[in-house]
Amino acid sequence: MQLEPIGPNIWLANGTEIKFMGMLLGTRSTIVRLNDGGVWMHSPVSYNSELATEIENLGPIRYLVAPNIYHHFFLKEWQDRYPDAELIGPRDLPTKRPDLAFSALLDDLQYDPWSGEIDRVVFTGSRAFDEHVFFHRASRTAILTDLIANVRLDDQSTLGRLVAHIEGVAHPNGRTPFLYRLGMRDKAAGARAVAAILGWGATQAVISHGEWFREDATQELRKRFAWLPL
Ligand SMILES: [Fe+2]
C-alpha cells in the first residue's frame with residue numbers, strides 16, 4: 001500500500017525524492033475524499049500505476065491542486081491520465097506552465113467547491129512565492145507545502161546537512177527556510193495568514209518535505225512561525 005491513512009477520509013502518499021540545494025528531499029501528496037465521494041489531491045507526487053489504482057479505489061479523481069508555483073513537476077502526468085479532473089493552482093502558474101490546462105485559480109476566492117470541508121488561506125508577503133495552505137475539517141489537518149520543512153539529517157550528504165542547518169530546516173527543529181524568510185518584505189501579511197492558520201485549531205499538520213506533525217500541530221506551527229510577529 002502506498003497510501004497511508006492519517007484520519008477520516010484523508011491519506012498521504014510519499015513520492016520520489018528530489019535533489020534541492022544539495023539536500024535530498026522526500027515529496028508528499030495529501031489525498032482527501034470529499035463528502036460526494038470525489039477525490040482531492042494536493043501537490044501530486046510522481047505518477048505510478050499502483051498509486052493511481054489505490055486512489056481510484058477511493059473515488060474518482062476530481063481535483064489536482066498545485067499549492068504554489070514550485071509544486072508543478074508531476075501535474076502533467078496526472079492531468080494526462082485524468083483529463084476530467086480540475087487542475088487548480090496559484091495565479092502565476094498558468095504563465096509558467098502554459099502546457100497545462102487550469103480550471104481555476106486558488107486566488108479566486110469565489111471558487112470554493114470544497115466549501116465546508118476544506119478551508120484555505122493564502123500566505124503572502126515574501127518575494128519568493130505565495131503559498132496556499134489548506135485545512136481539512138473532518139480530520140483537523142492543516143496542509144502546508146514549502147512554508148515549513150523538517151528534514152531528517154540521516155540520509156543527507158555532508159553538504160546536505162550543512163544546507164539544512166543554514167536553511168533552518170533540520171529535523172526536529174525545521175521551520176520556514178532561511179531564503180524564504182530573507183525574501184519576506186511584508187511580515188505583517190505573513191503573520192495575518194498564520195493567525196488564520198492557527199485559528200483552525202489543527203491537531204496535525206502535513207508538510208511536503210520532511211517529518212510532518214502528527215500531534216500538537218497548532219503549537220508546533222506557532223513555534224515554527226515564531227520568526228513572524230504573531
Ligand atoms: Fe517543495
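If you're wondering where the values come from, they're calculated on a predicted model, not measured in any experiment.

Right, let's get into the environment of Asn 173. Residue placement: Asn 173 occurs in the loop between helix H4 (158-167) and helix H5 (178-182). Residues Asn 173 and Ala 13, spaced 160 residues apart in sequence, show a C-alpha to C-alpha distance of 23 Å. The contact partners of Asn 173, leaving out residues within four places of it in the chain, are Asn 150, Gly 168 and Arg 224.

Once that is clear, we can look at the coordination of the iron ion. Around the iron ion, the donor atoms from the protein are His 71 (NE2), Asp 146 (OD) and His 209 (NE2), and they sit 2.0 to 2.1 Å away. Mapping the donors of the iron ion onto the primary sequence yields the spacing H-x74-D-x62-H. Of this pair, Asp 146 sits in the loop between strand E12 (141-143) and H4 while His 209 sits in the loop between strand E13 (204-206) and helix H7 (217-224), placing them 63 residues apart in sequence. Using a relative accessible area of 14% as the deciding quantity, one classes Asp 146 as buried. According to the relative accessible area criterion, His 209 is buried, its value standing at 6%.

Before going further, it helps to examine the pattern of salt bridges. A full pass over the atoms with the stated rule returns eleven salt bridges. For the salt bridge of Asp 36 with Arg 62, the shortest nitrogen-to-oxygen distance reads 3.5 Å. With Asp 36 in the loop between strand E5 (28-33) and strand E6 (39-42) and Arg 62 in strand E7 (residues 61-65), this pair connects stretches of sequence that are 26 residues apart. Overlapping salt bridges bring together Arg 91, Asp 107 and Asp 130 as one network.

The rules behind each value
- Residues numbered from 1 in each chain as written.
- Predicted model: local features only at pLDDT ≥ 70, side-chain atom pairs only at ≥ 80, totals over all residues.
- Heavy atoms only, no water.
- Helix = DSSP H or I, 4+ residues; strand = E, 2+ residues; numbered from the N terminus.
- Contact = heavy atoms within 4.5 Å.
- Donors = N, O, S within 2.8 Å, 3.2 Å for Na, K, Ca; no water.
- Buried < 20%, exposed > 50% of the residue type's maximum accessible area, 1.4 Å probe, protein only.
- Salt bridge = Lys/Arg side-chain N within 4 Å of Asp/Glu carboxyl O.

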